[in-house]
Each structure stands twice: as structure tokens, then as C-alpha cells.
Amino acid sequence: MGASKSNNFYKWIKSNLLLVFTFVGVILGAVLGFGLRPLNLSDKSILLLSYPGELFMRLLQLMILPLIIASLITGAASLNAKLNGKMALRTIVYFLSTSLLASLVGLVLVLAIHPGSSETKELLGAGSTKQRNLDLVDNFLDLGRNLIPNNVFQASMESAITRYTEEVIGNSSIITGKTLHYRSGTNTLGIIFFCL
């Protein structure tokens, strides 16, 4: 009876070896981190200790985009055309509605809480709602630009954003121009739209 339990345990370990190694690595990393903290290591030592983790994260980031694209294309190919269109529409509507909700919640919280120093608010004033409305409109325009990327390879590395050029006059700043720039980061919405 005891031998069969140990055999079952070893079979389970063998079939779940990756899971076991992951848990052992997390526990070992936590113990090592808490154990080395009191030693006040130099920045170079910390950099060398964190290097394997950085390589692992880069490897995950390298693999995630092809896996997502392949998964989406395979899933979309297995559906019929009518169901595929409905699924794509639902995905886009869901993403746009959650982005709108997040923007509105953020805007309401900023207006209600006024984060930051009260001294800065007294110095700069309450701010203008006109500039906030421009920011909100440009955010939705950027959302549309990111929804339909002009280059799928660029979308895998960069996303579109509107940048403002401002001129400070007295205590207020005036927006003098807007330009379209690309910032580092995956344009997930554009890649999903391309795959569907």
C-alpha cells in the first residue's frame, strides 16, 4: 500500500515537473532575496543576480506575441464566417467599452480627489476643463488609430499616442500643437483586430 502511494507520488512529480520546478524556483528566489537583503549588496551584484530573471522575462515577452497570434488565428479559423464576425465585433465592443469605462472612472476620480499636492493646485489653479476634453477626444482618436494599425510588425512593438507641444505663459500653459508619436509597448488591440 505504501509503495503504491510513493509510486503515484513519483508519477505525479514526473508528469508535473515544470510546475514543481516553478514552485521551487519561486520559493528559492524569495528565500534568497530575503536572505541577501541584510548584506547590502552593491548595485553591480544586484544587477548580476537579477540578470537571469531579466533574461527569463525577455524570453517570455519574446514568446507571448507569436503564441497569442497563433492562438487567435487558429481559433478564428475554426469558427464559421458568421460566428467569427460576431466574435470579432463582441471583442472590439468589449474592449472599447471597458476602455471608455476606465477613462471615465479615471476622469471622475481625478476631478473628485485632486491627486497631488494642494500647494501645486493653489499655485497652478484648478486647471481648465477645455484641455481635459481635448485629451479625452485625442485618447479616443488614439484608440481608433491603435485599433487599425498601419503595420502589424510596428503594432507588435509600438502603439500610437498624441503628444502636445505647450507654451507656458504666466501661470498657465497653452497647447500650441499636436503631433502623432509612437511609444514603446505592444499594441494588443491592433494585433487582435489584425488576427480576427
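Numbering of residues begins from 1 in every chain and follows the order in which that chain's sequence is written. pLDDT decides what is reported in this predicted model: residues at 70 or higher carry local features, side-chain atom pairs at 80 or more are listed and counted, and totals for whole chains, interfaces and linings draw on all residues regardless. Side-chain calculation: all heavy atoms of the structure are included, whereas hydrogens and water are not.

### Notes on the overall build of the chain
Summing up its helical and strand segments, the chain has eight helices and two strands in all. Helix numbering and strand numbering both begin at the N terminus, where a helix is a DSSP run of H or I of at least 4 residues and a strand a DSSP run of E of at least 2. N-terminal to C-terminal, the α/β element order of the chain is α-α-α-α-α-α-α-β-β-α. A simple rule labels every residue: compare its accessible area, found with a 1.4 Å probe on the protein chains alone, to the largest value its type can have, and call it buried under 20%, exposed over 50%, or partly exposed in between. Looking at the chain as a whole, 11% of its 196 residues qualify as buried. Pairs of residues are marked as contacts when any of their non-hydrogen atoms sit within 4.5 Å. Counting contacts in the chain only where the partners sit at least 6 residues apart, residues at least 24 apart contribute 58% of the total. Throughout, the Shrake-Rupley method with a 1.4 Å probe supplies accessible areas, and for residues the shown protein chains are the sole cover considered. For the chain, the exposed surface amounts to about 15300 Å²; the carbon and sulfur share of it is 68%.

### Describing the layout of surface pockets
For cavity detection a 1 Å grid was placed over the protein atoms alone, and a set of points counts as a cavity when a 1.4 Å probe fits there but cannot get out; an open set counts as a pocket when protein lies on both sides within 12 Å along at least five of seven lines, with lining residues being those that have an atom within 4 Å of a point. Grid points are joined across faces, edges and corners, and a volume is the space filled by probe spheres set on the points. As a volume, the largest pocket reaches approximately 340 Å³. Taken together, 17 residues form the lining of the largest pocket, with Asn139, Asp142, Leu143, Asn146 and Arg183 sitting closest to its centre. Looking at the lining of the largest pocket, the elements that each hand over two or more residues are helix H4 (81-113), helix H6 (129-147), strand E1 (158-169) and helix H8 (188-195). Here the lining of the largest pocket takes five residues from H6, the largest share from any one element. Grouping the constituent residues of the lining of the largest pocket by class yields seven nonpolar, eight polar and two charged. For this classification, Asp, Glu, Lys and Arg are treated as charged, while Ala, Val, Leu, Ile, Met, Phe, Trp, Tyr, Cys and Pro are nonpolar and the rest, including Gly, are polar.

### Thoughts on the confidence of the model for the chain
Where the model shows low pLDDT, its predicted coordinates should not be examined in detail. Confidence along the chain averages 78 in pLDDT terms, with 86% of residues attaining 70 or more. pLDDT is defined as a per-residue confidence score from the predictor, taking values between 0 and 100. Ranking the elements of the chain by mean pLDDT puts helix H5 (residues 118-124) last, at 58, and helix H2 (residues 17-36) first, at 90. Note on residues 129-133: pLDDT is under 50 here. Beyond four places in sequence and across chains, it has six contacts.

### As for the environment of Gly53
Relative to the assigned elements, Gly53 resides in helix H3 (residues 43-78). In this structure, the C-alpha to C-alpha distance between Gly53 and Gly29, residues 24 residues apart in sequence, is 9.9 Å.

### Focus: the pattern of salt bridges
The salt bridge definition used is simple: a Lys or Arg side-chain nitrogen within 4 Å of an Asp or Glu carboxyl oxygen. Applying the stated criterion across every chain yields a total of one salt bridge. Between Arg145 and Asp142 there is a salt bridge whose closest N-O contact spans 2.6 Å. Placement of both Arg145 and Asp142 in helix H6 is noted, with a separation of three residues, approximately one turn of the helix. Looking at Asp142, the relative accessible area reads 6%, which means it is buried.

### A closer look at unusual backbone geometry
The phi angle at Asn40 is positive, at roughly 50°, despite the residue not being glycine. When you line up the elements, Asn40 lands in the loop between H2 and H3. By relative accessible area, which is 66% here, Asn40 ends up exposed.

### Topic: a nonpolar patch on the surface
Exposure above 30% relative accessible area and no salt bridge define the residues that can form patches, which grow by joining like charges within 9 Å and nonpolar side chains of Val, Leu, Ile, Met, Phe, Trp and Tyr within 5 Å. A cluster of nonpolar side chains, namely Phe9, Tyr10, Trp12, Leu19, Phe23, Ile27 and Val31, defines an oily patch on the protein surface of about 800 Å² accessible area. Elements with a contribution of two residues or more to the nonpolar patch: helix H1 (2-15) and H2. If one sorts the elements of the nonpolar patch by residue count, H2 sits on top with four residues. Structurally, the position occupied by Tyr10 is in helix H1.

### Describing the side chain of Asn187
Topologically, Asn187 is positioned in the loop between strand E2 (172-184) and H8. By relative accessible area, which is 5% here, Asn187 ends up buried. Contacts of Asn187, omitting those with residues within four sequence positions, involve Asn146, Pro149, Ala155, Glu158 and Ser159.

### Side note on the pairing of E1
Across twelve bridges, E1 lies against E2 in antiparallel orientation. If you follow Glu166 over to E2, its bridge partner there is Ile175. One requirement defines pairing of two strands: DSSP has to find at least two bridges between them. Two successive antiparallel strands, E1 and E2, enclose a turn made up of two residues, where Gly170 displays a positive phi of approximately 65°.

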